[in-house]
Amino acid sequence: MALDINEFVKRLKDAYKAWNAPVITFMAGIGATPFEVLIATLLSLRTKDEVTAPAARRLFAVANTPETLLALGEEEVAKLIYPVGFYPTKSKRIMEISTMILDKYNGVVPDDLDELLTLPGVGRKTANLVLVEGYQMEAICVDTHVHRISNRIGYVKTKNADQTEMALRKKLPKKHWIIYNEILVAFGQVLCRPISPFCSTCPVADLCPKIGVTKHR
DNA sequence: AAAACGGGGGC
DNA sequence: GCCCCAGTTTT
């Protein structure tokens, strides 16, 4: 029997806010601007969310626009975001992207996927997250959590994040797009872990075929 | 000492 | 499509 996605979303929708997934609650909590979403996403690369969120807070308290970040300078940015992983590379990237947004887009982060993709270090995941969290637009942002869980529950059968995005775009009812993203990221961070997920306390365990799960808690 | 943390870009 | 990349934290 195929997964009932409406029932799946409905059940998780009420539960997920209590999980306090760090970056999602962080961005929602401060009502992050598109530019803040962009920078926070760059910071989060290969870095745990509980490290990224405070670093983003420290940085945004001092500078949260292209102008102010450029005025602050690469060295100061690097100090503020430490100990986020790859902080020298990231502070350099923040300078590049701030420059480009200021020069090419008059300091306004584009609200268009193709424009966002022209920015250095911005791919489909980052671009779509800016659209979803920054502009509250209907988009699907597929990170490793969304990709893994979409396959684990048997809703799609895809090999990579891009394929998952396309499949979800076609298959997932549009009214679920944003909430599906948010709950799956939170769900993936706290319960539906890559290895040894917490199926015993999972609110949708009975709906889930646990595809590819060999061990669970 | 080794693994985990995830995405973008170059070829 | 495959391989490369970077630094901190956790085991």
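Per an unreviewed UniProt entry, chain A goes by the name Endonuclease III and belongs to Desulfoluna butyratoxydans. The record in UniProt for chain A states the following under Sequence similarities (unreviewed entry): "Belongs to the Nth/MutY family." Here is the UniProt Catalytic activity (unreviewed entry) comment for chain A, exactly as written: "2'-deoxyribonucleotide-(2'-deoxyribose 5'-phosphate)-2'-deoxyribonucleotide-DNA = a 3'-end 2'-deoxyribonucleotide-(2,3-dehydro-2,3-deoxyribose 5'-phosphate)-DNA + a 5'-end 5'-phospho-2'-deoxyribonucleoside-DNA + H(+)".

Asks: A description of the protein's contact with DNA strand C should follow, citing residues and the corresponding values.
Replies: Surrounding DNA strand C, one finds R46, Y82, P83, G85, F86, Y87, P88 and T89. Sugar plus phosphate, as a fraction of atoms of DNA strand C within 4 Å of the protein: 57%. Here a sugar or linking oxygen of DNA strand C and a backbone polar atom of P83 are 3.4 Å apart. F86 places a main-chain nitrogen or oxygen 2.7 Å from a sugar or linking oxygen of DNA strand C. Within the surface near DNA strand C, the residues separate by chemical class into 5 nonpolar, 2 polar and 1 charged.

Asks: Go over the protein's contact with DNA strand B, please, and point to the residues and values.
Replies: Around DNA strand B sit 14 residues, and of these R46, G121, G123, D143 and T144 come closest. The share of sugar and phosphate among atoms of DNA strand B within 4 Å of the protein is 60%. T126 is positioned such that a nitrogen or oxygen atom in its side chain is 2.9 Å from a phosphate oxygen of DNA strand B. Between DNA strand B and the protein, one listed contact pairs a phosphate oxygen with a backbone N or O atom of T144 at 3.1 Å. Those elements that provide at least two residues to the surface near DNA strand B are α9 (124-134) and α10 (144-152). By residue number, the principal contributor to the surface near DNA strand B is α9, which donates 3 residues.

Asks: Can you explain the UniProt feature "domain: HhH-GPD" (unreviewed entry) in chain A? Please cite residues and give values.
Replies: Under the UniProt annotation, "domain: HhH-GPD" (unreviewed entry) lies at residues 43-190. Secondary structure over residues 43-190 splits into 68% helix and 0% strand, and the C-alpha atoms at its two ends are 20 Å apart.

Asks: Before we move on, could you go through empty space enclosed by the protein and cite the residues and values that matter?
Replies: Rolled over the atoms, a probe with the dimensions of a water molecule shows which regions are left empty. Per the counting criterion, the structure on display carries 2 cavities of 30 Å³ or more. Estimates place the volume of the largest cavity at around 110 Å³. As for the largest cavity, its lining consists of 15 residues, of which F187, C192, C199, C202 and C208 are closest to the centre. A per-class count over the lining of the largest cavity returns 13 nonpolar, no polar and 2 charged.

Procedures and definitions
- Residues numbered from 1 in each chain as written.
- Chains lettered and ligands numbered in written order.
- Predicted model: local features only at pLDDT ≥ 70, side-chain atom pairs only at ≥ 80, totals over all residues.
- Heavy atoms only, no water.
- UniProt positions renumbered as here; feature names shortened; annotations may be inferred.
- Near = heavy atom within 4 Å.
- Polar contact = N/O pair within 3.5 Å; in protein donor to acceptor, adjacent residues only side chain to side chain.
- Nonpolar A, V, L, I, M, F, W, Y, C, P; charged D, E, K, R; others polar.
- Helix = DSSP H or I, 4+ residues; strand = E, 2+ residues; numbered from the N terminus.
- 1 Å grid on protein atoms, 1.4 Å probe; cavity = no way out; pocket = protein on both sides within 12 Å on 5 of 7 lines; lining within 4 Å.
- Points joined across faces, edges and corners; volume = space filled by probe spheres on them.

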